[in-house]
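Listed below, chain by chain, are the residues.
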Amino acid sequence: MRQQLPHACDHPAAHRLLALLATYRFATTNQLARLTVEAYGSLPSAIRQTLRHLARLQEYDLVTRLERRVGGWQGGSTVSIWTLTTRGRRVQTGSRSRQRPRSLSTSFLAHLLAITETSVQITETARSMTDASATITTEPGCWRSYLGSAGQQLTLRPDLHTVVTSPHYDDHYFIEVDRDTENPARVLATCQRYAAYYATGAEQRACGVFPLVLWVVPHAARCQQLCRVIASDQGLPAALFAVITNQQIEETIRNGAAA
C-alpha cells in the first residue's frame, strides 16, 4: 500500500520528482530540472527549485544523493545522482523492496544515466515541436514476451520504447542505449533477438507496425562499427535497424531515422 507524503513534502513538484525517480531509478539534478523546466520558465530557476524540493525530500528520507565519479559520464566528473530511498519507493509505489544504490557499479549507473539522458533529450525535442508529442515507456513496461522457435518463453528487453506522434505520422522506436562497452558480438545477438520477435508478428498485430530498433551510441566510430556488424549478418532485415550518435537524437525525433 502506498503511504502518504509528509505534509512538508506534499507539493506538486515533490510528487513529480518522486514519480520521475520511480520511473528512471537514477537521475542527475540537471536531468530532473530539464524534465520539469516547464513549471518554472527557465533552466536556472528549475535547477534552484529542483534542488530545494530534493533537499526537503532528502530531509524526510525519501530520496538520497550519490556523489559519484562516473567514468564516461560528463567527462568523468563527479555528479549528483538522485534515487529513491526504500521509504521513498514505498511512498511512491507501495513496493517493500530495499534500495541499495551505493552498491551499484559505476558502469551500471552510467548506463542508467545514459538511458535517462536519452529520454530527456527526446522529451525536450518533442516539447520544442509545435505539432508533435512523445510517449516514452521505460523498462520493464517496454519489455516484450514472446515464444521462441522451440516454444520457449523469451523476453525482449529494450531500454526504452518511444512513439512520436504528430497529425501526419506516428514514429515507433525500440531504443537500445549503447555506451561502447559491449562486445559487438553481443550487440549482434541482441539484433537477432529483435529479428526473431519481428518474425512472430506479435507487435505488428498489437500496434499495426513494428518499431524501428534505434541504437544510440556515444560517438561516430562506434556508430560505424555497429553499422558494419549489423550489415554483416545477411539474415537480419536491414530496414529494422538504425544506428545514431546521441548528438543525433534531436534530428532523429524531428525528421525520423534512416535505416
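Residues numbered from 1 in each chain as written. Predicted model: local features only at pLDDT ≥ 70, side-chain atom pairs only at ≥ 80, totals over all residues. Heavy atoms only, no water.

(A) Broad picture of the packing of helix H2 (residues 29–36) against helix H3 (residues 43–59). Two elements in contact, H2 and H3, have axes whose closest approach is 8 Å; the angle formed by their N-to-C orientations is 115°. Viewed along their axes, H2 and H3 adopt a mutual orientation that is roughly perpendicular. At the point where H2 passes H3, the crossing takes the right-handed sense. When H2 is examined against H3, the residues Thr-29, Asn-30, Leu-32, Ala-33, Arg-34 and Thr-36 are found in contact with a partner set consisting of Leu-43, Ala-46, Ile-47, Thr-50, Leu-51 and Leu-54. The class makeup of the residues in the contact of H2 with H3 is seven nonpolar, four polar and one charged. (Axes fitted to C-alpha atoms, helices over the stretch in contact; angles between N-to-C directions. Helix = DSSP H or I, 4+ residues; strand = E, 2+ residues; numbered from the N terminus. Parallel < 35°, antiparallel > 145°, perpendicular 65-115°, else oblique. Left-handed = near helix turned anticlockwise from the far one by under 90°. Contact = heavy atoms within 4.5 Å. Nonpolar A, V, L, I, M, F, W, Y, C, P; charged D, E, K, R; others polar.)

(B) Main features of the side chain of Thr-116. Its place among the elements puts Thr-116 in helix H5 (residues 106–128). Given a relative accessible area of 0%, Thr-116 falls into the buried group. Those residues within four positions of Thr-116 in sequence are excluded, and the remaining contacts are Tyr-24, Phe-26, Ala-27 and Gln-31. (Buried < 20%, exposed > 50% of the residue type's maximum accessible area, 1.4 Å probe, protein only.)

(C) Inspection of H3 at higher detail. The end-to-end C-alpha distance of H3, which contains 17 residues, comes to 24 Å, matching closely the 24 Å that a straight helix rising 1.5 Å per residue would cover. Looking at H3, one finds that the buried residues are Ser-45, Ala-46, Thr-50, His-53, Leu-54 and Leu-57. For H3, the buried positions fall inside an angular range of 155° around the axis, keeping them on one side. Facing away from the buried surface of H3 by more than 90 degrees, the exposed residues are Arg-48 and Glu-59. Where H3 begins, the capping side chain belongs to Ser-42, and its oxygen is found 3.4 Å from the backbone nitrogen of Ser-45. Backbone geometry just after H3 places Asp-61 at a positive phi near 60°. (Expected span 1.5 Å × (residues − 1). Arc of directions from axis to C-beta. Polar contact = N/O pair within 3.5 Å; in protein donor to acceptor, adjacent residues only side chain to side chain.)

(D) How the structure looks around the nonpolar core. In terms of nonpolar packing, the biggest core is built from 24 residues, with Phe-26, Tyr-173, Ile-175, Leu-214 and Ile-253 touching the most fellow members. The element contributing the most residues to this core is H5, with six residues. Excluding anything up to four places from it in sequence, Ile-253 contacts Ile-122, Thr-125, Met-129, Val-164, Tyr-169 and Tyr-173. One finds Cys-191, Tyr-197, Val-217 and Val-243 within the second-largest nonpolar core, a separate group that totals 21 residues. (Core = buried A, V, L, I, M, F, W, Y, C linked by side-chain atoms within 4.5 Å.)

(E) Fine view of the confidence of the model for the chain. Chain-level statistics for the chain give a pLDDT mean of 89 and a share of 88% at 70 or above. For the chain, the element scoring lowest by mean pLDDT is strand E2 (residues 63–69), at 82; strand E9 (residues 212–217) scores highest, at 98. (pLDDT = per-residue confidence, 0-100.)

(F) The pattern of salt bridges, seen in detail. All chains considered together, the criterion is met by nine salt bridges. We note a salt bridge from Asp-178 to Arg-222, for which the minimum N-O separation is 2.8 Å. Of this pair, Asp-178 sits in the loop between strand E8 (170–177) and helix H6 (184–200) while Arg-222 sits in helix H8 (residues 220–231), and the two are 44 residues apart along the sequence. Between Glu-182 and Arg-186 there is a salt bridge, and its shortest N-O distance comes to 3.4 Å. You can call Glu-182 partly exposed: its relative accessible area is 34%. Because the salt bridges share partners, they merge into one network encompassing Arg-34, Glu-117 and Glu-124. (Salt bridge = Lys/Arg side-chain N within 4 Å of Asp/Glu carboxyl O.)

(G) Spotlight on the sheet that holds strand E10 (residues 241–245). Strands sit in the order E4-E7-E8-E9-E10 across an open sheet of five strands; the sheet is mixed. Unpaired on one side and paired on the other, strand E4 (133–138) and E10 mark the two borders of the sheet. In this sheet, neighbouring strand axes are inclined to one another by 25° on average, regardless of whether the strands run parallel or antiparallel. Contacts between H8 and the sheet are confined to E9 and E10, with E10 contributing the most and set at about 170° to the helix. (Pairing = 2+ DSSP bridges.)

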